[in-house]
Amino acid sequence: MEVETITQETIKVEGMSCGHCVMRVKKAIEGIEGVKKVDVSLEDKQAVVEFDEGKTDVEKIKAAVRETGYEPV
Ligand SMILES: [Cu+2]
């Protein structure tokens, strides 16, 4: 039996300037296994991510954001 531990984390993201950036960051995070929900806000410069702790972690999410060319803080 697999137990899911869903956690919510808010990650600050620098460098987003328009809706296109938001979509890129959102898609990058959504592509990570274990991620359940992503909300990216241009106004707040942050991504609110719900994920399964057993499958991924904040560092992996930050790495994916960095790969798209934006700076997680
Ligand atoms: Cu943009």
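Residues numbered from 1 in each chain as written. Predicted model: local features only at pLDDT ≥ 70, side-chain atom pairs only at ≥ 80, totals over all residues. Heavy atoms only, no water.

Colleague: Go over the sheet that holds strand 4 (residues 71–72), please, and point to the residues and values.
Modeller: The 4 strands lie next to each other as 2-3-1-4, forming an open sheet whose pairing is antiparallel. Of all strands in the sheet, those with a lone pairing partner are strand 2 (35–41) and strand 4, marking the two edges. Here strand 2 runs beside strand 3 (residues 46–52); their pairing, made up of 6 bridges, is antiparallel. What sits directly across from Ser41, in strand 3, is Gln46. (Pairing = 2+ DSSP bridges. Helix = DSSP H or I, 4+ residues; strand = E, 2+ residues; numbered from the N terminus.)

Colleague: Lay out the coordination of the copper ion with the relevant residues and their values.
Modeller: Bound to the copper ion are the protein donor atoms Cys18 (SG) and Cys21 (SG), situated 2.1 Å from the metal. Judged by its relative accessible area of 34%, Cys18 is partly exposed. On the basis of relative accessibility, which here comes to 7%, the residue Cys21 falls in the buried class. (Donors = N, O, S within 2.8 Å, 3.2 Å for Na, K, Ca; no water. Buried < 20%, exposed > 50% of the residue type's maximum accessible area, 1.4 Å probe, protein only.)

Colleague: Quick one: what's the story with helix 2 (residues 58–67), residue by residue and with numbers?
Modeller: Regarding helix 2, the residues found buried are Val58, Ile61, Lys62, Ala64 and Val65. Buried residues in helix 2, looked at end-on, bunch into an arc of 160°, giving them a common side. In helix 2, those exposed residues whose orientation departs by more than 90 degrees from the buried face are Glu59 and Glu67. Summarising the contacts, the buried residues of helix 2 are in contact with strand 1 (6–14), helix 1 (19–30), strand 3 and strand 4. Taking the backbone nitrogen of Glu59 as reference, a side-chain oxygen 3.1 Å away marks Asp57 as the first, capping residue of helix 2. Following helix 2 by one or two positions, Gly69 adopts a phi angle in the positive range, close to 105°. (Arc of directions from axis to C-beta. Contact = heavy atoms within 4.5 Å. Polar contact = N/O pair within 3.5 Å; in protein donor to acceptor, adjacent residues only side chain to side chain.)

Colleague: Outline helix 1, listing residues and values.
Modeller: For helix 1, which comprises 12 residues, the first-to-last C-alpha distance of 16 Å matches the rise-based estimate of 16 Å (1.5 Å per residue) to within 8%. Of the residues making up helix 1, those classed as buried are Cys21, Val22, Val25, Ala28 and Ile29. The arc that holds the buried residues of helix 1, viewed along the axis, is 135°, so those residues lie on one side. Facing away from the buried side of helix 1 by more than 90 degrees, the exposed set consists of His20 and Lys27. Residues of helix 1 that are buried in the fold lie against strand 1, strand 2, strand 3 and helix 2. (Expected span 1.5 Å × (residues − 1).)

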